[in-house]
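Chain residues, written in single-letter form:
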Amino acid sequence: MKLNKALATVALAGSVAAMSAPAMARDTISIVGSSTVYPFATVVAERFGTKTDFSTPKLESTGSGGGLKLFCQGIGTQHPDITNASRRMKTSEFELCQSNGVTDITEFRIGSDGIVIASSKEAENLDITLEQLFLALGSKVPVNGEWVANPNKNWSDVDSSLPNKPIRVMGPPPTSGTRDSFNELALAAGCDQLPEAANLSKDEHASICESVREDGAFIEAGENDNLIVQKLIGDEGMYGVFGYSFMEENSDRLQAATLNGKVPTAEAIAADDYPVARSLFFYVKKAHVGVVPGIQEYVSEFTSNAAMGQNGYLKDVGLIVPPRAALMDLMDKAENMPNLTLDELK
Amino acid sequence: MNNQRSQAEIVRQSLKSRYRKERRFRAYGVLAIAIALGALLTLFTDIIGKGYTGFLKTTITMEVQLDGEMMYLDDPTDERQIKMADFVEPLVQALIKEIPGATEDDRDQVRGLINPYASVTLRDALTANPDWLGTSRTMTFLSHTNVDVYVKHAGDDAYSIKLNDQQKAWVDELQERGVIETSFNDVFFSGGDSRDPSRAGILGAIVGSLLTMFVTLILSFPIGVAAAIYLEEFAPQNKFTDFIEVNINNLAAVPSIIFGLLGLAVFINLFGMPRSVPVVGGLVLTLMTLPTIIISSRAAIKSVPPSIREAAEGIGASKMQVVLHHVLPLAMPGMLTGSIIGMAQALGETAPLLLIGMVAFIVDVPDGFLDSATVLPVQVFLWAGSPELAFIERASAAIMVLLTFLISMNALAIWMRKRLERRW
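Criteria and thresholds
Residues numbered from 1 in each chain as written. Chains lettered and ligands numbered in written order. Predicted model: local features only at pLDDT ≥ 70, side-chain atom pairs only at ≥ 80, totals over all residues. Domains from an automatic or database assignment. Contact = placed C-beta atoms within 7 Å. Helix = DSSP H or I, 4+ residues; strand = E, 2+ residues; numbered from the N terminus. Nonpolar A, V, L, I, M, F, W, Y, C, P; charged D, E, K, R; others polar. Core = buried A, V, L, I, M, F, W, Y, C linked by C-beta atoms within 7 Å. Buried ≥ 20, exposed ≤ 12 C-beta atoms within 10 Å, placed from the backbone. Axes fitted to C-alpha atoms, helices over the stretch in contact; angles between N-to-C directions. Parallel < 35°, antiparallel > 145°, perpendicular 65-115°, else oblique. Left-handed = near helix turned anticlockwise from the far one by under 90°. pLDDT = per-residue confidence, 0-100.

Trainee: Is there a simple way to explain the domain arrangement of chain A in this structure?
Mentor: By a widespread convention, an interface's size corresponds to the accessible area lost as its parts come together. Residues and elements named next belong to chain A. What the domain assignment lists for chain A is domain 1 (24–113 + 279–345) and domain 2 (114–277). Here the C-alpha centre of domain 2 lies 31 Å away from the C-alpha centre of domain 1. Counting residues at the interface gives 10 residues for domain 1 and 10 residues for domain 2. It is strand E4 (residues 105–120) that provides the largest number of residues to the side of domain 1 that touches domain 2, a total of 3 residues. Its residues assigned to classes, the side of domain 1 that touches domain 2 shows 3 nonpolar, 6 polar and 1 charged.

Trainee: Would you mind showing me how to read the domain arrangement of chain B here?
Mentor: Partitioning chain B into structural domains gives domain 1 (57–183) and domain 2 (203–420). Placing the centre of domain 1 of chain B and that of domain 2 of chain B at their C-alpha centroids yields a distance of 46 Å.

Trainee: Whenever I open this one, the nonpolar core confuses me. Can you help?
Mentor: Across soluble globular proteins, nonpolar side chains show a tendency to be buried alongside one another. Core analysis: the biggest nonpolar cluster contains 183 residues, and Phe-282 and Tyr-283 of chain A together with Leu-91, Leu-95, Val-280 and Ala-398 of chain B have the highest contact counts within it. Counting residues per element, this core draws most heavily on helix H13 (residues 278–302) of chain B, at 12 residues. Leaving out residues up to four positions away in the same chain, Val-280 of chain B has contacts with Gly-263, Phe-267, Ile-268, Met-273 and Ile-356 of chain B.

Trainee: Looking at this structure, how should I read the packing of helix H10 (residues 203–234) of chain B against helix H15 (residues 319–347) of chain B?
Mentor: In helix packing, the relevant descriptors are the interaxial angle and the interaxial distance, both defined with respect to the helix axes. Residue and element names in this part refer to chain B. At a minimum axis separation of 10 Å, H10 and H15 run at an interaxial angle of 140°. Regarding the angle of H10 to H15, the classification is oblique. H15 is crossed by H10, and the crossing has right-handed handedness. Contact residues: H10 offers Ser-209, Met-213, Thr-216, Leu-217, Phe-221, Val-225, Ile-229 and Glu-233, while H15 offers Val-323, Val-327, Met-335, Ser-339, Met-343, Ala-346 and Leu-347. By residue class, the composition of the contact of H10 with H15 is 11 nonpolar, 3 polar and 1 charged.

Trainee: Where do I start with the confidence of the model for chain B in this structure?
Mentor: Fine structural detail should not be taken from predicted coordinates in areas where pLDDT scores are low. Residue and element names in this part refer to chain B. Summary statistics for chain B give a mean pLDDT of 90 and a share of 98% for residues scoring 70 or more. Averaged pLDDT values over the elements of chain B bottom out at 81 in helix H3 (residues 79–84) and peak at 95 in H10. Overall fold confidence for the complex sits at a pTM of 0.79, while the interface term, ipTM, reaches 0.79.

If you want it as structure tokens, here you go:
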């Protein structure tokens, strides 16, 4: 009989624990979204947690699309308060938000992220278009209207204006976000310039235009950017692909290739005047401001000079910070939280 | 006669090759075990070789002048002043003093040796002890992660050293003088996650795992045992119970991510429970472990000899008395073993937790079932994917902690089986 009672008690306790959960107030900010913004947002969140009395926000890396989907799910503490994105919200996502009652959203453009092709200062610098870059590094290129395995051995095989040297490029592995951006912003964009690309189906486009050749011309270097830098300095025929912030740190030893006639500088990337760059965003659900404590304060920490100024800590982790004027605009936005409208996204 | 002898001959002749065959067969078995052990050994040496440095921290011990003027602070109990005070300056000044030859001009390089959060340590120490202001104290701070990596991994190609030559020379000198030291990494066991590898700890994940496992145990064990008893002892044998049995066996083989999807749809979207909390994690893992517990509990009940039931019934016990007084106590060791193995499985699970938001950057150590939390395997996953190289050793160290938990749970299961099992 004793055992019987004990069992009943345990079962009861279990069901009570299960039932008491719904409709809870939350005192931790919940943030979802892009894995590219994640390393920056986590640093802000941690600083915010140690500086203030609010608890440290919780961050999930769900990808831009996944984050916006969760964000637009509705109002209420089971839904996230802020979502990060490495691209702008799509109009379809905006409409999803509207239809679920998430009408008041504020958008923050928090800076950018650029990818460079660099070489040793001693080496011949590349001045290349994205189309030529695709022809040099794509796994398949069109020859007489047929897509064949890339036959180009030297840069000069692609275009006579390029150096007469073997194509050898070191870059990050497929697991890296830099590689994703490189495939998407550099290779696919270059591929789209080719007349043959227009006939590709969507699947073919993804498998042809966004894949790097695997015959040894492109060398995967692991996530260690320092190793790439070391190799570049020792080998004048080698080019390397990495994030802009790393180029900047080593600008005394390395030079960056000109892409589509644009030289990568922090100003050019911040102004979207460099082809392989993208802006980073986060979106705030205004209905949660004041319900979940600390949202306004978190946003103002993110947009503060200490974080995103010219000497800010986000610059140390590699964010290309916006120019001063844009930062001042962000600060105003953080105070007033203007609504995002559909017209702005079109 | 002749014929028989030749048969014995044939047997004798084939004997050698039969023995050889048997030896070969045994050798294959030994080889298989050797391969398995070799794989295990490689795994352990790799993890321990990479990870043991994760249990070490690098600290700087120095004499800090808590000069109010330098810090713009004359009353540490005033919250406004604390907010605006400069806690970095005393650290930089103290370290410049420790390094012979370093001057005010080297301050940026010197600051690069101190952990960015050391100022928070100093701030907290001063708010806790306001009377320290104006005195000079010997205090220990975490070093910058770059220093930590240099001290532990100088000369190792897998790590890149981000100090310049001047800083390296200073660190070498300071190490010789005992200012910079490595010691047991208590931070690793007392803190939550951090983006700074030196400050990152595993306590948040351990507590999260314990909370999640508690919910799982308290739900899945009683439900699983009750289901098993009913199905074994009371349920009529018909098509319907067969159907249930087939489904339970099926559920045991369903990929765990499916339970995560179910959890997202039912517990979060339908019931409106918060994301990333141990209650929801525990519920999802309950669904996942239930089939395992039901199946092992049924096997345990089945293994109780019918003579026990018959004897009890023979002296007039009711069906319920038979079950509660005789069958259940005898089957309990088997049930517990099955449950522990199911729980160990659940402890190592990440896939279903991804969908309910427990794969997240969470700094604060959770203090309840409804607090955002993460679990041990998720912490390993997050660190292994971090760009900072210093997280490699933290990830391996976290794997060792996780393995310790798993090994002790499995050892407990074996011990209980040995201790409590009855043979007939």
